[in-house]
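Below, each chain spelled out in residue letters.
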Amino acid sequence: MFILWPVLAVFFQSIIIDGRLDFSEYTHLFTNEMGLLGNSVLVSTLSTLLSVMLGTCVSLYLTHTRLPGKRLVFGVLLLSIISPPFVSSLVYIMLFGRRGLVTHKMLGLTLDPYGWHGVVLMQTAGFTALAALLILGVLHRVDRDQEYAAYDLGASSFHALTGVTLPLAMPGLLVAGVVVFIRSLSDFGTPIIIGGRFSVLSTEAYLSVVGLYNMPRAAAMSITLLIPALAAFLIYRRLMTGRSYGSSTPRFEHGAERMPLSPLLLWFLAMVTWGYIGFEILKYATILAGSFTRTWGLDFTPTLKHFETLSASKLSSFFRSLRYAFIAGIAGAAMGAVLAYVLERKRPIGARFFDFIADFPYIIPGPFFGIAYILAFHNPPLMLTGTAFIVVANCVYRQLPISIKSGVAVLKQCRPEIEAGARDLGAKERNVFLDIVTPLMKPAILIAFINTFTMTMITIGAIIFLISPDTKVATVEMFGEIKRGRIGAASALANMIIVTVLAVNLLFSWLYLRKRKQ
């Protein structure tokens, strides 16, 4: 109901106009606006290639070198993925905009930083951390014996990495590529903020809904946006089907096991890694400084006015975000646990189809999912638009694939004989789930909660179409402040979101680790 029906609603809206079958929106899109699809694919492809390349270098620095500062690098990567998606764009304006600190104040330049190149650079900065963490998980599992075999047979460390390590890490590279490509396709905040006259499908779909209220056009653009995303996913499935990469047992490197890298390779990995980490640290320092600066670009006098002048409505939006995120986190964790148990243990008829449908929200771009909810739930009997429920439901179902996958992964490591033994002793199914399965699934439940909470706090692409004045959240307020040019207020909101999400992540991780030690 909350996944398949909205997708079908978008499709029907794009081809049925005024009650008749009509393909005019597609005809117009593929004849007069074909450049939008080309722009979307071009920017997404470049951002994906750069993000995966940088992410690979950062991951190799963490797994294949003995150089210092790894805890700092890992911490910055984690911080980057819990930040709102257009924080990089905000920093880009503050440093390199027409009144930017670097270009205007320090160098006295009057460059135009807006355009496709700015979009690619900021999407790369925003997605590299995600790519690095996905690749890192696979590099940890690469069989060190195969690396050493190539090295002992005379291959240089460079050839061992490119000929053995990276091919074995191909699942991580492909997953990172697909995830970043889809995220880039669905990103409309970065092109709107720093794209200038450069437009992509996601921004035009957003403007069609918000500015023109032309739902057939927005629906046709959403379906078109789905084509490259689905193609990327199917190519990934095709490449992965029937292939085996790396060892089946997770291997975590130790100091004595690492293959020695050449000084030139070490220097290159260190330069790329610390160059990226330096930019990320500069990004958060700039955001922090911006929230305490009177007028960025003109008057750098320290002040608290941006926090003091946050209106009651903006503070209400922030606390509303917090409330929605907790509700979505709890609901997502509970639903993920139940569905994972049903799919993994009960395996009902049609389980594979249901599993594919449950994965769908993670494949389709965010604006598509937002527009789909407007079309599906704007009329009776399910007239839910404008309510808090539809905002929370959108966030829960969009993150449901991760909640289910983490639950299934944990259940695969648990022996089903324990549950069968409880049933044989007379336990009811409800008691088996609550008293045996749920405690075993605590790690997956925690991951589902933290992921859903975090993404609800920082998301904007899907829910911006569902927001009403009574359900406005902090990221939408921040997006509005950036568009109005109020850099200080936007920085203050960004810091509040980042600090809150970081505190909740650290608190729940600490509680879980302390309980494990006990």
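The structure this text deals with has already been given above.
For the structure given in this document, a descriptive report is provided here. If you're wondering where the values come from, they're calculated on a predicted model, not measured in any experiment.

Rules of the game
Residues numbered from 1 in each chain as written. Predicted model: local features only at pLDDT ≥ 70, side-chain atom pairs only at ≥ 80, totals over all residues. Heavy atoms only, no water. Core = buried A, V, L, I, M, F, W, Y, C linked by side-chain atoms within 4.5 Å. Buried < 20%, exposed > 50% of the residue type's maximum accessible area, 1.4 Å probe, protein only. Helix = DSSP H or I, 4+ residues; strand = E, 2+ residues; numbered from the N terminus. Contact = heavy atoms within 4.5 Å. 1 Å grid on protein atoms, 1.4 Å probe; cavity = no way out; pocket = protein on both sides within 12 Å on 5 of 7 lines; lining within 4 Å. Points joined across faces, edges and corners; volume = space filled by probe spheres on them. Nonpolar A, V, L, I, M, F, W, Y, C, P; charged D, E, K, R; others polar. Salt bridge = Lys/Arg side-chain N within 4 Å of Asp/Glu carboxyl O.

1. Let's talk about the nonpolar core
Link 1 in the chain: Of all hydrophobic cores here, the largest spans 128 residues; its most connected members are Tyr373 and Met478.
Link 2 in the chain: Per element, the largest residue contribution to this core is 12 residues, and it comes from helix 13 (residues 215–240).
Link 3 in the chain: Every residue in contact with Met478, bar those within four places of it in the chain, is listed here: Pro84, Phe86, Val87, Leu90, Ala490, Leu493, Ala494 and Ile497.
Link 4 in the chain: Among the nonpolar cores identified, the runner-up in size contains 23 residues, and Leu60, Val138, Ala160 and Ala176 belong to it.

2. Things to note about the environment of Met221
Link 1 in the chain: Mapped onto the fold, Met221 is located in helix 13.
Link 2 in the chain: Exposure remark for Met221: the relative accessible area of 1% places this residue in the buried category.
Link 3 in the chain: Sequence separation of Met221 and Phe368 is 147 residues, and the distance between their C-alpha atoms is 8.7 Å.
Link 4 in the chain: The residues touching Met221, leaving out its near neighbours within four places in the chain, are Leu29, Glu33, Leu36, Leu201, Glu204, Ala205 and Ser208.

3. Considering the layout of surface pockets
Link 1 in the chain: Each pocket or cavity is described by its volume, and for the second largest pocket that value is around 450 Å³.
Link 2 in the chain: At the level of elements, helix 5 (87–96), helix 11 (189–194), strand 3 (293–295), helix 15 (305–308), helix 23 (474–483) and helix 24 (487–517) are the ones that each hand at least two residues to the lining of the second largest pocket.
Link 3 in the chain: By residue class, the composition of the lining of the second largest pocket is 9 nonpolar, 6 polar and 6 charged.

4. Things to note about the pattern of salt bridges
Link 1 in the chain: A full pass over the atoms with the stated rule returns 5 salt bridges.
Link 2 in the chain: Across the pair Glu481 and Arg484 runs a salt bridge whose closest N-O atoms are separated by 3.8 Å.
Link 3 in the chain: Overall, Glu481 belongs to the buried group, its relative accessible area being 0%.
Link 4 in the chain: Two residues, Glu481 and Arg486, come together in a salt bridge whose shortest N-O distance is 3.4 Å.
Link 5 in the chain: Residue Arg486 is classed as partly exposed on the basis of its relative accessible area of 42%.
Link 6 in the chain: Sharing partners across several salt bridges, the network here consists of Glu33, Glu204 and Arg217.

Everything listed here is a matter of coordinates, which is why it stays silent on function.
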